[in-house]
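# Summary of structural features
The residues making up each chain are set out below.
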Amino acid sequence: MKYQLENKKIEIVVASKLSNELTLEQNCVYVIDKKVYELFQQDFNSISDETRILLFEANEQSKNLASLPKIYAFFKAKNVHRRTLIYGIGGGVTTDITAFAASTYKRGCRCILIPTTLLGMVDAAIGGKTGINFENIKNGIGSFFPAEKVVLDEKYLETLSNSKLQAGMVEIIKMSFLSNTNLPELLERNATLIDLIREAIKTKMDICVHDLEDKNTRRMLNLGHTFGHVLESVSDYVISHGTAVSIGIRAAARLSRNLEFIPKSVCEQIENRMDDHNLPKSFPTKYLKGINKNGREVLKQDKKADTQVNLVLFKNLQKLFVYRTDESDEVLDVLREFAND
Ligand SMILES: NC(=O)c1ccc[n+]([C@@H]2O[C@H](COP(=O)([O-])OP(=O)(O)OC[C@H]3O[C@@H](n4cnc5c(N)ncnc54)[C@H](O)[C@@H]3O)[C@@H](O)[C@H]2O)c1
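Please read all numbers here as calculations on a predicted model, not as lab measurements.

### Brief notes about the overall build of the protein
- Scanning the protein from N- to C-terminus turns up 13 helices and 11 strands.
- A compact globule built from 341 residues would reach a C-alpha radius of gyration of about 20 Å, and the protein, at 20 Å, matches this within 12%.
- Overall, the C-alpha framework of the protein stretches about 60 × 45 × 40 Å when taken along its three principal axes.
- Looking at the protein as a whole, 55% of its 341 residues qualify as buried.
- Relative to all contacts within the protein whose residues are 6 or more apart in sequence, the contacts with residues 24 or more apart total 72%.
- As displayed, the protein offers around 15900 Å² of accessible surface, 46% of which is attributable to carbon and sulfur atoms.
- Computed over 46 positive and 44 negative side-chain charges, the inter-centroid distance for the protein is 5 Å.

### So, the environment of Pro284
- Turning to its location among the elements, Pro284 is positioned in the loop between helix 11 (264-276) and helix 12 (288-301).
- Residues Pro284 and Ala339, spaced 55 residues apart in sequence, show a C-alpha to C-alpha distance of 5.6 Å.
- Filtering out sequence-adjacent residues up to four positions away, Pro284 remains in contact with Asn340 and Asp341.

### Structural notes on the site of the ligand
- As a structural note, the neighbourhood of the ligand is formed by 25 residues, with Glu60, Gly92, Thr116, Thr117 and Thr159 the closest of them.
- Between the ligand and the protein, one listed contact pairs a nitrogen atom with a backbone N or O atom of Ala124 at 3.3 Å.
- In this structure, Thr159 approaches the ligand through a side-chain N or O atom, which is 2.7 Å from a nitrogen atom.
- Those elements that place two or more of their residues in the shell around the ligand are helix 2 (34-39), helix 4 (92-104), helix 5 (118-124) and strand 8 (137-144).

### So, the sheet that holds strand 1 (residues 2-5)
- Read across the open sheet, the seven strands follow the order 1-2-9-6-5-3-4; overall the sheet is mixed. At either end of the open sheet lies a strand with only one pairing partner, and these are strand 1 and strand 4 (53-56). With strand direction ignored, the average angle separating the axes of adjacent strands in the sheet is 20°.
- When strand 3 (residues 29-33) meets strand 4, the two strands line up parallel, connected through four bridges. From the neighbouring strand, Val31 faces strand 4, where its bridge partner is Leu54.
- Here helix 4 sits on the sheet and contacts strand 3, strand 4, strand 5 (85-90) and strand 6 (110-115); the angle it forms with strand 5, its principal contact strand, is near 160°.

### Quick notes on the nonpolar core
- With 118 residues, the main nonpolar core has Phe44, Phe75 and Phe314 as its most contacted residues.
- Setting aside residues no more than four positions away along its own chain, Phe314 makes contact with Phe177, Leu223, Ile249, Ala252, Ala253, Ser256, Phe261, Ile262, Ile270, Lys319, Leu320 and Phe321.

### Focus on the packing of helix 10 (residues 241-258) against helix 13 (residues 328-336)
- Between helix 10 and helix 13, whose axes approach to 9 Å, the crossing angle comes to 120°. Classed by the angle they form, the pair helix 10 and helix 13 counts as oblique. The handedness of the crossing between helix 10 and helix 13 comes out as right-handed. Here Ile247, Ala251, Arg254, Leu255 and Asn258 of helix 10 lie close against helix 13, whose contacting residues are Glu330, Val334 and Leu335.
- Here the residues of the contact of helix 10 with helix 13 are counted per class, giving five nonpolar, one polar and two charged.

### Regarding helix 4
- When the terminal C-alpha atoms of helix 4 are compared, their 18 Å separation across 13 residues agrees well with the 18 Å that a helix rising 1.5 Å per residue should span.
- Burial within helix 4 is extensive, with 12 of its 13 residues counted as buried.
- Residues of helix 4 that are buried include every one of Gly92, Val93, Thr94, Thr95, Asp96, Ile97, Thr98, Ala99, Phe100, Ala101, Ala102 and Ser103, and no others.
- Once helix 4 finishes, Lys106 follows within two positions and takes phi at roughly 50°, a positive value.

### Things to note about the packing of helix 6 (residues 162-175) against helix 8 (residues 193-208)
- It is at 10 Å that the axes of helix 6 and helix 8 come closest, and there the two elements cross at 55°. On the basis of the axis angle, helix 6 is oblique to helix 8. In terms of crossing hand, the pair formed by helix 6 and helix 8 is left-handed. Listed contacts from helix 8 to Met169, Ile172 and Met175 of helix 6 are Leu193, Leu196, Ala200, Thr203 and Lys204.
- Counted by class, the contact of helix 6 with helix 8 contains six nonpolar, one polar and one charged residues.

### A word on the packing of aromatic side chains
- Tallying each qualifying case throughout the model produces nine aromatic pairs.
- Centroid distance Phe74 to Phe75: 6.1 Å. Interplanar angle 45°. Geometry classified as tilted. For the pair formed by Phe74 and Phe75, the shared burial category is buried.
- A ring pair is formed by Phe261 and Phe321, whose centres lie 5.0 Å apart and whose planes are at 80°; its orientation type is edge-to-face. Separated by 60 residues along the polypeptide, Phe261 in the loop between helix 10 and helix 11 and Phe321 in strand 11 (residues 319-325) bring together distant segments of the chain.
- We classify Phe261 as partly exposed; its relative accessible area is 30%.
- Cluster of aromatic residues (ring-pair linked, three or more members): Tyr72, Phe74, Phe75 and Tyr105.
- Residue placement shows Lys8 over the ring face of Phe145; its charged tip is 3.8 Å from the ring centre.

Definitions and limits used
Residues numbered from 1 in each chain as written. Predicted model: local features only at pLDDT ≥ 70, side-chain atom pairs only at ≥ 80, totals over all residues. Heavy atoms only, no water. Helix = DSSP H or I, 4+ residues; strand = E, 2+ residues; numbered from the N terminus. Rg over C-alpha atoms; globule rule 2.2 N^0.38 Å. Buried < 20%, exposed > 50% of the residue type's maximum accessible area, 1.4 Å probe, protein only. Contact = heavy atoms within 4.5 Å. Areas by Shrake-Rupley, 256 points an atom, 1.4 Å probe, with all protein chains shown as cover. Lys, Arg positive; Asp, Glu negative; His and termini not counted. Charge placed at Lys NZ, Arg CZ, Asp CG, Glu CD. Near = heavy atom within 4 Å. Polar contact = N/O pair within 3.5 Å; in protein donor to acceptor, adjacent residues only side chain to side chain. Pairing = 2+ DSSP bridges. Axes fitted to C-alpha atoms, helices over the stretch in contact; angles between N-to-C directions. Core = buried A, V, L, I, M, F, W, Y, C linked by side-chain atoms within 4.5 Å. Parallel < 35°, antiparallel > 145°, perpendicular 65-115°, else oblique. Left-handed = near helix turned anticlockwise from the far one by under 90°. Nonpolar A, V, L, I, M, F, W, Y, C, P; charged D, E, K, R; others polar. Expected span 1.5 Å × (residues − 1). Phe/Tyr/Trp six-rings, centres within 6.5 Å; stacked < 30°, edge-to-face > 60°. Lys NZ or Arg CZ within 6 Å of the ring centre and 35° of its normal.

Dropping the structure here:
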């Protein structure tokens with residue numbers, strides 16, 4: 001699949017032989033998720049000079065400013081220059097920080113991403129957003145810097161936990177509600193996961209080519225995320241991003257129904273599509289206290305909000321729009337409906 005993101009040509013390939021993709025040029029450097037390296041060491045045998053590999057301990061805490069000097073020092077030691085190919089291989093954490101480092105080192109180097117989680121394949125490595133966490137702001141520092149190539153290999157999915165697979169599936173289902181996609185049809189006929197991945201990438205890229213910087217249609221990809229952010233935040237990130245967004249999509253459907261943008265039957269269709277894939281539908285009641293105490297503040301601070309809360313809601317099953325409201329309570333009330341022990 002080939003795309004043009006602003007002035008950059010992007011290629012997305014499903015690899016037949018990954019080792020060929022790893023040695024496209026001499027003197028490449030590789031930032032590899034340590035766990036992925038340990039699980040799939042034989043894949044990296046084609047890299048003849050091991051000193052060109054930096055293993056990265058990937059988690060939300062390491063996706064921060066403190067990790068950057070190590071990565072930049074590695075680039076410096078390996079004489080990385082603007083034409084050097086920098087590979088980021090791993091989940092969203094590794095591809096986000098590697099792409100960010102590539103976008104800033106020497107004012108921008110070449111970058112190839114090899115996502116190894118489902119979320120990475122359909123979302124994090126696709127569409128050109130890079131980022132690191134800053135203090136308590138998730139992805140508080142970042143850039144728009146599409147990788148010139150993204151290489152997928154579905155064998156990496158075999159070692160993922162169910163919850164990690166589910167997190168990626170939530171994003172695929174989210175994209176199935178966009179208007180420019182064949183995902184509903186593929187889901188209907190139980191298409192293979194790789195076909196769903198291909199279509200999800202196409203769906204996201206078709207949006208990003210027109211709106212790389214999130215000014216317009218790309219905002220629809222935030223479906224479920226504003227509600228979800230409240231749950232992640234009040235649970236101190238114990239509720240995972242995937243679970244939070246899944247509940248967030250259901251909350252968006254319920255609020256759309258409450259405000260009479262969609263009838264009850266469409267709300268049910270949305271929730272049924274989520275249920276068909278066993279996606280999370282409730283959170284523990286113990287977090288209600290946090291919603292009551294801090295929910296309004298989280299909504300206020302959400303980066304997508306200006307003076308009002310911006311929510312992506314449903315106009316129908318396949319049409320989303322941005323709804324702006326001053327009423328934090330109507331948002332939080334819907335969310336509270338999903339508390340269940
Ligand atoms: N840039 C974007 O547009 C964008 C979009 C969505 C999410 N993200 C970011 O992505 C990150 C989440 O990504 P993630 O869920 O991939 O998390 P992750 O990178 O933390 O990976 C999750 C865990 O899975 C392990 N792992 C990776 N590949 C594996 C494999 N094949 N088998 C077994 N274990 C494997 C990792 O070592 C890690 O422990 C967040 O930081 C989020 O902000 C970015």
